[in-house]
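A look at the structure
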2 protein chains.
Amino acid sequence: MAKKISQAVIRRLPRYYRYLRDLLDEGIERISSNELSARMKVTASQIRQDLNNFGGFGQQGYGYNVQYLYDEIGKILGLDGHHNIIVIGAGNMGQALANYVNFEKRGFIMIGLFDVNPDLIGKTIRGIPIRHMDELTDFMKDHEADIAVLTLPKDQAEKAAEQIVNLGIHAIWNFAHLDLNLPKDVVVENVHLSDSLMQLSYNIVETRRRQV
Amino acid sequence: MAKKISQAVIRRLPRYYRYLRDLLDEGIERISSNELSARMKVTASQIRQDLNNFGGFGQQGYGYNVQYLYDEIGKILGLDGHHNIIVIGAGNMGQALANYVNFEKRGFIMIGLFDVNPDLIGKTIRGIPIRHMDELTDFMKDHEADIAVLTLPKDQAEKAAEQIVNLGIHAIWNFAHLDLNLPKDVVVENVHLSDSLMQLSYNIVETRRRQV
């Protein structure tokens, strides 16, 4: 792909992917930009513009081939291969994420869980034991992981992130309530739940203000 | 507040709030836009522009009063009062969210948990029993909730969301893997974890492509 695709378009791709999966599950083989527009509540012109970035899979009068478009977007998102994941922090959130079977279906395979809490060590999640953080270095000698899910408390997260990166993992899905300070070649995707909740709170108050 | 603040600025406020909380915890009473810039890795001019939206709490040569700025942003985000929350879907994710003590500190009080899974009914999370969804209508006669956290599987989420809205709750923190179709006056904040994971996957693949 020679053309650089804007981050705004990239940000929208997972949503297209989700809707296309639904269409496949409903047995729908092709769809026009207008029909997709009605479902996704995005203008048809936006859809055409977005999807044209990938060479335009649509054909005049035929619409989009759902399976083809689904596969192509999957490739762009790197979902045609698989990723091995380790979960660092096996508390409630770590366990919840480890239990998401859907991630596995999309090629995200959990291979290890780590924590420092003695109450958790030895417990298993979907057959995988929770190991002590002290075992992480040894574990990584025998295993390949390319994503670490970080759900540790704020005060432990930075140090763990550095350790993870030193062990050669260059992608972190960060649920810890801080922004990580890591080398530029490390890919970090933040899920700051408290920020999201505050955003919701703002919108509640703002809606009330408008109604007064 | 007469002036309309852009959504882009609003989106950044929770992050300011988080950093200001850290400063308070470190006992720092005032900070210049340059110092805040170095911490947050945002330009000082962006910080000044953002914070000027609120009448400019900064003073030349003094910097920002951290407590004052924290309180003001808290008010804007609606964090000076409190919100009662019910959790719909008390599986792993619902329980993980219900266990976040930090939310409580910021005024988000969990008052009820609901599910349909008989194995979960009666179990308690932080002293609050998980009730059957059938009890929700009765529960709402005696309780006031203004936010529902929705963590049900996709196929149950839409119906539950409609029920929630009919019971008078107009704010939904949606973790279900779909976009809800609700009246315009309902505030929805989506946390689409699978979209976030796909975004991470894209960035991994893209980084590799650049390195080739």
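The text that follows walks through the structure, step by step, so that each part is easy to find. (Residues numbered from 1 in each chain as written. Chains lettered and ligands numbered in written order. Predicted model: local features only at pLDDT ≥ 70, side-chain atom pairs only at ≥ 80, totals over all residues. Heavy atoms only, no water.)

**Remarks on the overall build of chain A**
Across its full length, chain A holds nine helices and nine strands. Considered along the principal axes of its C-alpha atoms, chain A spans approximately 60 × 55 × 35 Å. For chain A, with 212 residues in total, the buried portion stands at 54%. Across chain A, contacts joining residues at least 24 apart in sequence account for 55% of those joining residues at least 6 apart. Just so you have it, chain A exposes about 10100 Å², and 47% of that area is on carbon and sulfur atoms. The distance from the centre of the 24 positive side-chain charges to the centre of the 26 negative ones in chain A is 9 Å. (Helix = DSSP H or I, 4+ residues; strand = E, 2+ residues; numbered from the N terminus. Buried < 20%, exposed > 50% of the residue type's maximum accessible area, 1.4 Å probe, protein only. Contact = heavy atoms within 4.5 Å. Areas by Shrake-Rupley, 256 points an atom, 1.4 Å probe, with all protein chains shown as cover. Lys, Arg positive; Asp, Glu negative; His and termini not counted. Charge placed at Lys NZ, Arg CZ, Asp CG, Glu CD.)

**Quick look at the relation of the copies chain B and chain A**
Both copies of the chain are related through a single rotation about an axis accompanied by a shift along the same axis. Aligned on chain A, chain B shows an RMSD of 0.0 Å; the corresponding rotation is 180° and the shift along the axis is 0.0 Å. The superposition of one copy onto the other is thereby described by a two-fold rotation axis. A share of 100% of the interface residues of chain B reappears at the interface of chain A, consistent with the copies meeting face to face through the same patch. (Least-squares fit on C-alpha atoms with pLDDT ≥ 70 in both.)

**Let's talk about the interface of chain B and chain A**
Every contact between the two is made by 62 residues of chain B and, on the other side, 62 residues of chain A. The three residues of chain B that bury the most area against chain A are R18(B), L197(B) and M198(B), which together make up 12% of that side's buried surface. Our count for the contact surface shared by chain B and chain A stands at ten salt bridges. Breaking the side of chain B that touches chain A down by element, the ones donating at least two residues are α1 (7-25), α4 (66-76), α5 (92-98), α6 (101-105), β8 (171-174), β9 (187-190) and α9 (193-211) of chain B. For the side of chain B that touches chain A, the leading source of residues is α9(B), giving 18 residues. Of the residues belonging to the side of chain B that touches chain A, the class tally is 29 nonpolar, 15 polar and 18 charged. (Buried area = accessible area lost by both parts, 1.4 Å probe. Salt bridge = Lys/Arg side-chain N within 4 Å of Asp/Glu carboxyl O. Nonpolar A, V, L, I, M, F, W, Y, C, P; charged D, E, K, R; others polar.)

**Focus: helix α4 (residues 66-76) of chain A**
Buried within α4(A) we find V66(A), L69(A), Y70(A), E72(A), I73(A), G74(A) and I76(A). Among the structural elements, α1 (7-25), β1 (30-31), α3 (44-52) and β2 (64-65) of chain A together with α9 of chain B are those in contact with the buried residues of α4(A). N-cap assignment for α4(A): the residue whose side-chain oxygen lies 3.2 Å from the backbone N of Q67(A) is N65(A). Looking one or two places after α4(A), you find G78(A), whose phi comes out positive at around 75°. (Polar contact = N/O pair within 3.5 Å; in protein donor to acceptor, adjacent residues only side chain to side chain.)

**What to know about the sheet that holds strand β6 (residues 128-132) of chain B**
Strands sit in the order β5-β6-β4-β3-β7-β8-β9 (chain B) across an open sheet of seven strands; the sheet is mixed. Where the open sheet ends on each side, the last strands, each with one partner, are β5 (124-125) and β9 of chain B. Examined bridge by bridge, strand β7 (residues 147-150) of chain B and β8(B) share three bridges and lie parallel to one another. Each residue of the ladder has a partner; that of L150(B), found in β8(B), is N174(B). Taken strand by strand, helix α9 (residues 193-211) of chain A contacts β3 (83-88), β4 (108-115), β7, β8 and β9 of chain B, and its axis lies near 165° from that of β9(B). Running over the sheet, helix α8 (residues 154-166) of chain B touches β3, β7 and β8 of chain B and is turned about 170° from β7(B). (Pairing = 2+ DSSP bridges. Axes fitted to C-alpha atoms, helices over the stretch in contact; angles between N-to-C directions.)

**Quick word on the sheet that holds strand β6 (residues 128-132) of chain A**
Residues and elements named next belong to chain A. Taken together, the seven strands give an open sheet; going across it, the order is β5-β6-β4-β3-β7-β8-β9, and neighbouring strands pair in mixed fashion. The open sheet has two edge strands with one neighbour each: β5 (124-125) and β9 (187-190). Two strands pair when backbone bridges link them, and β5 and β6 are joined in this way by two bridges, in the antiparallel orientation. By the bridge assignment, T124 is partnered in β6 with P129. Helix α8 (residues 154-166) rests against β3 (83-88), β7 (147-150) and β8 (171-174) of the sheet, and its axis sits at about 170° to β7.

**Side note on the pattern of salt bridges**
Residues and elements named next belong to chain A. Across all of its chains, the model carries 26 salt bridges over all chains by this definition. Residue D50 pairs with R12 through a salt bridge whose shortest N-O separation is 2.8 Å. Of this pair, D50 sits in helix α3 while R12 sits in helix α1, and the two are 38 residues apart along the sequence. Note on D50: relative accessible area 2%, which makes it buried. Linking R39 and E26 is a salt bridge whose minimum nitrogen-to-oxygen distance equals 2.7 Å. Linking R39 in helix α2 (residues 33-40) with E26 in the loop between α1 and β1, this pair joins segments that are 13 residues apart in sequence. Classification of E26 by relative accessible area gives partly exposed; the value is 46%.

**Here's the deal with unusual backbone geometry**
Notably, R126(A) is not glycine yet its phi reads approximately 50°, a positive angle. Within the secondary structure layout, R126(A) lies in the loop between β5 and β6.

**With respect to the packing of α2(A) against α3(A)**
All names here are of chain A. The interhelical angle for the contact between α2 and α3, taken along N-to-C directions, is 110°, at an axis separation of 8 Å. Compared by their axis directions, α2 and α3 come out roughly perpendicular. In this structure, α2 crosses over α3, and the sense of that crossing is right-handed. Of the residues in α3, those touching α2 at S33, N34, L36 and S37 are A44, I47 and R48. (Parallel < 35°, antiparallel > 145°, perpendicular 65-115°, else oblique. Left-handed = near helix turned anticlockwise from the far one by under 90°.)

**What about the pairing of β7(A)?**
Residue and element names in this part refer to chain A. Of the two faces of β7, the one holding I147 and V149 and the one holding A148 and L150 are both buried throughout. Where β3 and β7 come together, four bridges link them in parallel fashion. The partner of V87 across the bridge, within β7, is V149. The parallel pair β7 and β8 is bridged by α8, and the resulting crossover is right-handed. (Right-handed = clockwise from strand over helix to strand, strands pointing away.)

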